[in-house]
Amino acid sequence: MIIAIDGPSGAGKSTVAKAVAKELGFSCLDTGAMYRAVAWRALHDGVSLEDTEAVGALAHTCTISFRHEQGDPVPRRVFVDDVEVTGAIRTAEIDRSVSAVSAVPAVRQALVDQQRRIGSEGNYVVEGRDIGTEVFPNAEVKVFLTASAEERAHRRVRQNADRGIGSIDYQEVLADIIRRDELDSSRDTAPLRPAKDAVLLDSSSMHVEEVIGSICGLARARMAL
């Protein structure tokens, strides 16, 4: 079974997807981390993000993998060609760069191929921006998780403060979220939008446990058919 969770930046997709996977005994695939990893590799190698041909070629040659912490069934460590980038891909610089990278058609094709291969290997919760529309259009469960830009900014600031990574300036984070929403929803290739058969969840006034319970309920209902 594939559970597809799509939504804009800061909606809590990663947190929710990992919790749902743990609750159901599924594996979890953070596709956003894959795009962040390509952005990190491009910046690390001095490749201009405006050189879409070079960025696309890079995506086809780098190997992105996920590994587990001991005793944790959900993979949380991210590697690019055996270099751990778990923290490095969560910086403000990557926040500003990832939308441009994810808009490159060659990058999306390279990573979608990897995502489909991984998803075919078992039961997965997959989160991103085009999972239910492009990557797994036949996913058994599709959710579009969103929240107001203001609420997402508050959550991102708290998350960055807890991790000690990224900006904790609310206005800066809010402006970046609004900018990314516009870029992600207006790009030509796989724009951010709910799948026609997705369940919409606005988590602005929901506790994270309510969101997790709602998605697990949808999955269990589907498995019971």
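The preceding data block contains the structure.
Quick summary incoming for the structure in this document. Since we're looking at a predicted model, the values are computed, not measured.

A look at the side chain of Q115
Then comes step 1: In this structure, Q115 sits in helix α5 (residues 105-119).
Then comes step 2: Judged by relative accessible area, which is 0%, Q115 ranks as buried.
Then comes step 3: Among all residues touching Q115, those that are not within four sequence positions of it are L29, T31, M34, Y35, I131, V135 and F136.

Regarding empty space enclosed by the protein
Then comes step 1: In the structure shown here, the tally under the stated rule is one cavity of 30 Å³ or more.
Then comes step 2: The computed volume of the largest cavity comes to approximately 30 Å³.
Then comes step 3: A4, D6, G132, K142, V143, F144, P194, A195 and A198 are the residues that line the largest cavity.
Then comes step 4: At the level of elements, β1 (2-6) and β7 (141-146) are the ones that each hand at least two residues to the lining of the largest cavity.
Then comes step 5: The biggest single contributor to the lining of the largest cavity is β7, with three residues.

Some points on the environment of S65
Then comes step 1: Topologically, S65 is positioned in strand β3 (residues 64-67).
Then comes step 2: It is 8.5 Å that separates the C-alpha atoms of S65 and M34, two residues lying 31 residues apart in sequence.
Then comes step 3: Each residue touching S65, except ones within four places of it in the same chain, is listed here: R77, V78 and F79.

About the criteria used
- Residues numbered from 1 in each chain as written.
- Predicted model: local features only at pLDDT ≥ 70, side-chain atom pairs only at ≥ 80, totals over all residues.
- Heavy atoms only, no water.
- Helix = DSSP H or I, 4+ residues; strand = E, 2+ residues; numbered from the N terminus.
- Buried < 20%, exposed > 50% of the residue type's maximum accessible area, 1.4 Å probe, protein only.
- Contact = heavy atoms within 4.5 Å.
- 1 Å grid on protein atoms, 1.4 Å probe; cavity = no way out; pocket = protein on both sides within 12 Å on 5 of 7 lines; lining within 4 Å.
- Points joined across faces, edges and corners; volume = space filled by probe spheres on them.

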